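Listed here are the chains, written in short residue letters.
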Amino acid sequence: MKGIKVVGGIPLTGEVRIQGSKNAALPLMAAALLNKGTTILHGCPKIADVFVMEKILQLLGAKTVWKNHTLEINTEFLEKIQVDEKEGRKMRSSIILLGSLLGRFQEGIVPHPGGCVIGKRPIDLHLEALKQMGAEISETKGQIFAKTKGLKGCFIHFPFVSVGATQNALLASVLAEGTTILNGCSKEPEVCTLCKFLKKAGAEIKGVGSSQLVIKGVERLQDVEFQVPRDRIAAGTYLYASAITRGEGILLDAPIDEMGAVLQAYKKIGGQYTCNSGKLTLCSFYADRPMEHLQTQVYPGFPTDLQSVFMAVLTVAKGESRITENIFEDRFKTVPQLQAMGAKIELEGNTARILPGYLKGAEVIASELRGGAALLVAGLAAQGETYVKNCNYIERGYENICRDLSMLGAQIFRD
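Before going into details, it helps to say that this report is about the structure given with it. (Residues numbered from 1 in each chain as written. Predicted model: local features only at pLDDT ≥ 70, side-chain atom pairs only at ≥ 80, totals over all residues. Heavy atoms only, no water.)

**A word on the packing of helix α1 (residues 22-31) against helix α7 (residues 189-200)**
For step 1, the next point in the chain: Close contact between α1 and α7 brings their axes to 9 Å; oriented N to C, the two are set at 35 degrees. Relative to α7, the crossing made by α1 is right-handed. Touching Asn-23, Ala-24, Pro-27, Leu-28 and Ala-31 of α1 are Glu-190, Thr-193, Leu-194, Phe-197 and Leu-198, all from α7.
For step 2, the next point in the chain: For the contact of α1 with α7, the class distribution of residues is seven nonpolar, two polar and one charged. (Axes fitted to C-alpha atoms, helices over the stretch in contact; angles between N-to-C directions. Helix = DSSP H or I, 4+ residues; strand = E, 2+ residues; numbered from the N terminus. Left-handed = near helix turned anticlockwise from the far one by under 90°. Contact = heavy atoms within 4.5 Å. Nonpolar A, V, L, I, M, F, W, Y, C, P; charged D, E, K, R; others polar.)

Below you can see the structure in the form of structure tokens.
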């Protein structure tokens, strides 16, 4: 079982460049299926989930080439309509391939998605949206079968906000007949990025950034080059790594415009920052205040993906804090591991009460991506050494977290 060792007690300083966004890159790769030609993605992160998606596309018949962090995808000669079961089960994002396959071939087969165990995350909204557009869907032996005689535009209302369902319906609608109106859409930056990509490829989309998207179907898409935006969750992770060590640091190319709630929380606990020419300069000397009550929300609220990382920071604050998790019901899976490091955390329903204390090095186990990152962040402030097992989870979203934290001065080593 591979792991990462962290030596605690070192205030971070230095600078690191933020990687391309995991949550943006995966839908863009799925969207490449819609174009019978070449898609070029610049600044694509070299992370485990991207490699899994690349493998899925290759098994469908796509040709891919890497040049540094530029990924070229050619889907001109695709013939297969079934996503490989083994690869598809490795991550949740495989479900959005269904919308692309229906748009390209009028049929598709995908396995029930896998990924991190952080809650139920049902796919009902995805399937219902596709059904409303004319897809016939059945499920047998863990596989989802979808077929249509032709997708048709319609009005779709999402009863609650879902990033994946919005993206899946969006992918299905760009080549559909007529106009599709998606109401109650997610406004997450990754949805806006997907819209911008599709528009550059020739799709007709209005309402980008709002809760209602209007998509007029087109006959075909065209070749496109696109810059993958920087990863706001990776940037937030390194921001809070600075906070927990009372350090400094500079984040280069951080997507500051997308980090409002993350930076606001940092300020509330005493962190200070300046922005200048693409640099986010941090000063965390006094980032030791408690957080009276933080709640995770859909964008532009505080992201659930950083909840466990921020909780790690609050375990060494000078006072009592509370966090309420409103997005995924099982986002507190990392709490027992933090407690093993000495954290004083009490759970009541979807709220965590974090009491002041200190952390000590321990051997802990990551059970999901962001929780694993939280354990590394906790280890930066712990007395002694911390060893985090199952680091394969962390590698699903961070290109090289050991390298990046080392550039900020951390003593961190991977097996």
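**A word on helix α6 (residues 163-173)**
For step 1, the next point in the chain: Across the eleven residues of α6, ten count as buried, placing the element largely inside the fold.
For step 2, the next point in the chain: Inspection of α6 places Gly-164, Ala-165, Thr-166, Gln-167, Asn-168, Ala-169, Leu-170, Leu-171, Ala-172 and Ser-173 among the buried residues, and these make up the whole buried set.
For step 3, the next point in the chain: The opening residue of α6 is Ser-162, an N-cap whose side-chain oxygen sits 3.1 Å from the backbone nitrogen of Ala-165. (Buried < 20%, exposed > 50% of the residue type's maximum accessible area, 1.4 Å probe, protein only. Polar contact = N/O pair within 3.5 Å; in protein donor to acceptor, adjacent residues only side chain to side chain.)

**Some thoughts on the nonpolar core**
For step 1, the next point in the chain: Of all hydrophobic cores here, the largest spans 70 residues; its most connected members are Leu-170, Leu-182, Leu-198, Ile-205 and Leu-213.
For step 2, the next point in the chain: Top contributing element to this core by residue count: α1, with seven residues.
For step 3, the next point in the chain: Aside from chain neighbours lying at most four places away, what touches Leu-213 is Thr-166, Leu-170, Thr-180, Ile-181, Leu-182, Cys-185, Val-191, Cys-195, Ile-205, Lys-206, Gly-207 and Val-208.
For step 4, the next point in the chain: One finds Ile-233, Met-259, Ala-287 and Val-313 within the second-largest nonpolar core, a separate group that totals 69 residues. (Core = buried A, V, L, I, M, F, W, Y, C linked by side-chain atoms within 4.5 Å.)

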